[in-house]
2 protein chains.
Amino acid sequence: MGLDTVKAKPHDRLAAMLSDEMAAVNALIRERMASKHAPRIPEVTAHLVEAGGKRLRPMLTLAAANICGYDGPYHVHLAATVEFIHTATLLHDDVVDESAQRRGRPTANLLWDNKSSVLVGDYLFARSFQLMTEPGNLRVLEILSNAAATIAEGEVLQLTAAQDLSTDEDIYLQVVRGKTAALFSAATEVGGVIAGSDPAQVQALFDYGDALGIAFQIADDLLDYMGDSSATGKNVGDDFRERKLTLPVIKAVAAADEEERAFWQRTIEKGKQEEGDLEHALKLLNKHGALEATREDALGWSEKAKASMAQLPQSELRDVMIELADFVVARLY
Amino acid sequence: MGLDTVKAKPHDRLAAMLSDEMAAVNALIRERMASKHAPRIPEVTAHLVEAGGKRLRPMLTLAAANICGYDGPYHVHLAATVEFIHTATLLHDDVVDESAQRRGRPTANLLWDNKSSVLVGDYLFARSFQLMTEPGNLRVLEILSNAAATIAEGEVLQLTAAQDLSTDEDIYLQVVRGKTAALFSAATEVGGVIAGSDPAQVQALFDYGDALGIAFQIADDLLDYMGDSSATGKNVGDDFRERKLTLPVIKAVAAADEEERAFWQRTIEKGKQEEGDLEHALKLLNKHGALEATREDALGWSEKAKASMAQLPQSELRDVMIELADFVVARLY
């Protein structure tokens, strides 16, 4: 394969194809993240905005609307709304997880304090609701407010399920839908709704976002045991140290003998971790093929996302979104 | 005056006059506070719901709608929305303030943890936005999402202004509008809007809620230095110990000589408090007439609320709302 056939990454191609509209989204985000009265707000939000992030979710909204032939202005508002909800949940997640790093930079809760993260997150939530009312489309409001509720519910469920060895793959999936897939599926669905697409196309867009989000999160949880911190901005084994019961461990626990079960109880349920425990955990994950099985699950969801998107009319944007579904699991090869 | 002319407290009379509609509001609150998936959510919300509270805000919405002749069902949704926003902000406030007591009971962050308070608060915010979309009235969505943004902005402003002796009465008022008056004024305004009232009446309802909220918060800040904990559920001097620059202290700082200024700098700005400091603070507040001047401000806002409400058509509900504006400052006599 010659150099000329090497393609850019799909989210970079999306960014290039949507650059004018993303410029409008970024301008709107900067405008609405400001605060006339409270100087702490722009400090915290500028820190987040500068940290970058791929802006994948707003691009999904723009792309979905374009694929469905939308030519109005409001997909920009909805894209900004989706990014605001995402940013607000990041701020609150970092408080809940007591994180010190996000996107390779110190988190807001570390630079300022938990109070600022909680309240600036609330401000961004409120701003997102102001933004989403502007298109004057009630169905869009339903979808986005339902997504916000599912996100919070999933986070609370994770709080109680995370260190409970009886958590099974169904509960894991529910948590993942809440923490990741709900906003992906809302992002794509509202793009179709604002374009006035027919119900089958809107459903296909929802299904794409749902499956893409699940594939993305499973891949993320797998990379936590595989990846290196330079690629992910996270340290290998963070989830283990934070006693998070993610899919690889759920699979290993399901296959565990008595001694292994005692190990998971001590390290995850009781949180009594010692030197060498991460290495032993990795050994058990490999012994039961848990990492490989998790990878297969991620690939399956990626295939489902591609099949859903294939139901939409052919266009270059559609094809890049199909490639994106491959890309989120390409990190796992 | 005979016993038969002794009237019940205005919020109790409102509760009696609106009992059927409040029963519908309470049923809706119970229904929507539940969670199918995350058992922690009903645990935390039940704790809050059982703690009671006067449900003043939802009653204001119901009363405003009734005064304007509304006979549809949606004021119930809006009243529940307002209570959800209020409850969500209480959960987050208790995290931010590191409170141990609310309404005379241990706070949720103490019984569970800060994580649960943050995430269940987010859940209630999301639920409030689901609820407020149901009447299908876009103006109502604007008002309530604007109020949510003003609340968060006011809380962040308070965070940075609270321990800064240069905070003046204008900034204090901005904080109070954010933390209290914005939800009161939204509560009354949406009642008028859903009833389809004319702009002058809607404005009068907004002004009533705004002034009532400000009078209420000033009275609360004053009672922190006057009241006893059995009446307020708070300990006298809590705000002083938490280094909150409320109106009484702002007035005393403005009148302070050099030595007194050093005292406020040490106790509020630097937070180096010693035995006997609260007593000395009270002495300074009295010396400069700061408590009396604060009381006059509260009474002035109460009068403004009454004058605004007097612009609405006469009815028994209207007159009880006028009495309510007297009542919130009656604690100060």
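Quick caveat, the model's predicted, so the values are computed rather than measured.

Participant: Go over the overall build of chain A, please, and point to the residues and values.
Facilitator: Looking only at helices and strands, chain A features 17 helices and two strands. Taking 333 residues into account, the globule formula puts the C-alpha radius of gyration at 20 Å, and chain A, at 20 Å, falls close to it. When each of the 333 residues of chain A is scored for burial, the buried share is 56%. A separation threshold of at least 6 residues defines the contact pool for chain A, and within that pool the share at least 24 residues apart is 75%. Accessible surface computed for chain A: about 13,300 Å², of which carbon and sulfur atoms make up 49%.

Participant: Explain the packing of helix H2 (residues 19-33) of chain B against helix H7 (residues 114-133) of chain B to me, and be specific about the residues and the numbers.
Facilitator: All names here are of chain B. Across the interface, H2 lies against H7 with an axial gap of 10 Å and an inter-helix angle of 125 degrees. Judged by the angle between their axes, H2 and H7 are oblique. Our pair here, H2 against H7, has a crossing hand that is right-handed. Note on element contacts: H7 touches H2 through Tyr123, Leu124, Arg127 and Leu131, opposite Leu28, Arg32 and Met33. Along the lines of polarity and charge, the residues of the contact of H2 with H7 split into five nonpolar, no polar and two charged.

Participant: Would you mind going over the interface of chain A and chain B in detail, with residue names and values included?
Facilitator: Contact with chain A, which involves 40 residues of that partner, is made by 40 residues of chain B. Its largest share of buried area at the contact with chain B, chain A owes to Leu119, Glu153 and Val156 of chain A, together 17% of the area lost on that side. Linking chain A with chain B are zero salt bridges, by the criterion used here. Seen at the junction of chain A and chain B, the total is six residue pairs in polar contact (both at pLDDT 80 or more).

Participant: Tell me about the packing of aromatic side chains, and please be specific about residues and values.
Facilitator: Applying the stated rule across the entire model yields nine aromatic pairs over all chains. When the ring of Phe240 of chain A is compared with that of Trp264 of chain A, the centres are 6.5 Å apart and the planes differ by 75 degrees; the resulting orientation is edge-to-face. Of the two residues, Phe240 of chain A is situated in helix H12 (residues 238-241) and Trp264 of chain A in helix H14 (residues 258-269); the sequence distance between them amounts to 24 residues. The pair Phe240 of chain A / Trp264 of chain A is uniform in exposure class, with both members buried. Residues Phe263 of chain B and Trp264 of chain B carry aromatic rings whose centres are separated by 5.2 Å and whose planes lie at 70 degrees to one another, so their mutual orientation is edge-to-face. Comparing Phe263 of chain B with Trp264 of chain B shows no difference in burial state: the two are buried. One Lys or Arg, Arg331 of chain B, reaches over the ring of Phe216 of chain B and ends 5.3 Å from the middle of that ring.

Participant: Residues and numbers for the side chain of His75 of chain B, please.
Facilitator: Residue and element names in this part refer to chain B. Note on placement: His75 falls in helix H5 (residues 75-97). What makes His75 buried here is its relative accessible area of 5%. One polar contact links His75 to Glu21, side chain to side chain, over a distance of 2.6 Å. For His75, the residues in contact, after removing those within four places along its chain, are Glu21, Thr61, Leu62, Ala65, Tyr70 and Ile194.

Participant: Could you give me a rundown of the pattern of salt bridges, with the residues and numbers involved?
Facilitator: Scanning the model with the defined rule gives 40 salt bridges over all chains in all. Its salt-bridge partner being Asp238 of chain B, residue Arg241 of chain B comes within 3.3 Å of it at the nearest N-O pair. Taken as a pair, Arg241 of chain B and Asp238 of chain B lie in helix H12 (residues 238-241) at a separation of three residues, close to a single helical turn. Judged by its relative accessible area of 15%, Asp238 of chain B falls in the buried class. Salt-bridge contacts for Lys287 of chain B lead to Glu260 of chain B; the nearest nitrogen and oxygen are separated by 2.3 Å. In this pair, Lys287 of chain B sits in helix H15 (residues 277-287) while Glu260 of chain B sits in helix H14 (residues 258-269), placing the two residues 27 residues apart along the sequence. For Glu260 of chain B, a relative accessible area of 6% translates into the label buried. Among the charged side chains, a salt-bridge network with shared partners connects Glu31, Arg32 and Glu134 of chain A.

Participant: Tell me about the nonpolar core, and name the residues and values.
Facilitator: In this structure, Trp264 of chain A together with Trp264 of chain B are the most contacted members of the largest nonpolar core, which totals 221 residues. Excluding residues that lie within four positions of it along the chain, Trp264 of chain B makes contacts with Leu165, Phe240, Val249, Ala252, Val253, Ala256, Glu269, Ala281, Leu284 and Leu285 of chain B.

Participant: Describe the relation of the copies chain A and chain B, and please don't skip the residues or the numbers.
Facilitator: Turning chain A through 180 degrees and shifting it by 0.0 Å along the axis lays it on chain B, with an RMSD of 0.0 Å. In short, the pair behaves as if placed about a two-fold rotation axis. A shared binding surface is used by both copies, with 100% of the interface residues of chain A retained as interface residues in chain B.

Participant: Kindly report on the packing of helix H7 (residues 114-133) of chain A against H7 of chain B, identifying the contributing residues and their values.
Facilitator: In contact at an axis separation of 12 Å, H7 of chain A and H7 of chain B are set at 15 degrees when each is read in the N-to-C sense. In terms of their interaxial angle, H7 of chain A and H7 of chain B are classed as roughly parallel. Relative to H7 of chain B, H7 of chain A is oriented so that their crossing is right-handed. Residues Val118, Asp122, Phe125 and Phe129 of chain A of H7 of chain A form the contact with H7 of chain B, whose own contacting residues are Val118, Asp122, Phe125 and Phe129 of chain B. For the contact of H7 of chain A with H7 of chain B, a count of residues per class yields six nonpolar, no polar and two charged.

Participant: Kindly report on unusual backbone geometry, identifying the contributing residues and their values.
Facilitator: Residues and elements named next belong to chain A. The phi angle at Arg55 is positive, at roughly 55 degrees, despite the residue not being glycine. Residue placement: Arg55 occurs in the loop between helix H3 (40-50) and helix H4 (56-67). Arg55 sits in the buried class, given a relative accessible area of 14%.

Participant: Go over the environment of Leu284 of chain A with me, naming the residues and quoting the values.
Facilitator: Residue and element names in this part refer to chain A. With respect to the secondary-structure elements, Leu284 resides in helix H15 (residues 277-287). In the structure, Leu284 is positioned 35 residues away from Val249 in sequence and 9.0 Å away in space, judged by C-alpha atoms. What Leu284 contacts, discounting residues up to four positions off in sequence, is Glu260, Phe263 and Trp264.

Rules used in this analysis
- Residues numbered from 1 in each chain as written.
- Chains lettered and ligands numbered in written order.
- Predicted model: local features only at pLDDT ≥ 70, side-chain atom pairs only at ≥ 80, totals over all residues.
- Heavy atoms only, no water.
- Helix = DSSP H or I, 4+ residues; strand = E, 2+ residues; numbered from the N terminus.
- Rg over C-alpha atoms; globule rule 2.2 N^0.38 Å.
- Buried < 20%, exposed > 50% of the residue type's maximum accessible area, 1.4 Å probe, protein only.
- Contact = heavy atoms within 4.5 Å.
- Areas by Shrake-Rupley, 256 points an atom, 1.4 Å probe, with all protein chains shown as cover.
- Axes fitted to C-alpha atoms, helices over the stretch in contact; angles between N-to-C directions.
- Parallel < 35°, antiparallel > 145°, perpendicular 65-115°, else oblique.
- Left-handed = near helix turned anticlockwise from the far one by under 90°.
- Nonpolar A, V, L, I, M, F, W, Y, C, P; charged D, E, K, R; others polar.
- Buried area = accessible area lost by both parts, 1.4 Å probe.
- Salt bridge = Lys/Arg side-chain N within 4 Å of Asp/Glu carboxyl O.
- Polar contact = N/O pair within 3.5 Å; in protein donor to acceptor, adjacent residues only side chain to side chain.
- Phe/Tyr/Trp six-rings, centres within 6.5 Å; stacked < 30°, edge-to-face > 60°.
- Lys NZ or Arg CZ within 6 Å of the ring centre and 35° of its normal.
- Core = buried A, V, L, I, M, F, W, Y, C linked by side-chain atoms within 4.5 Å.
- Least-squares fit on C-alpha atoms with pLDDT ≥ 70 in both.

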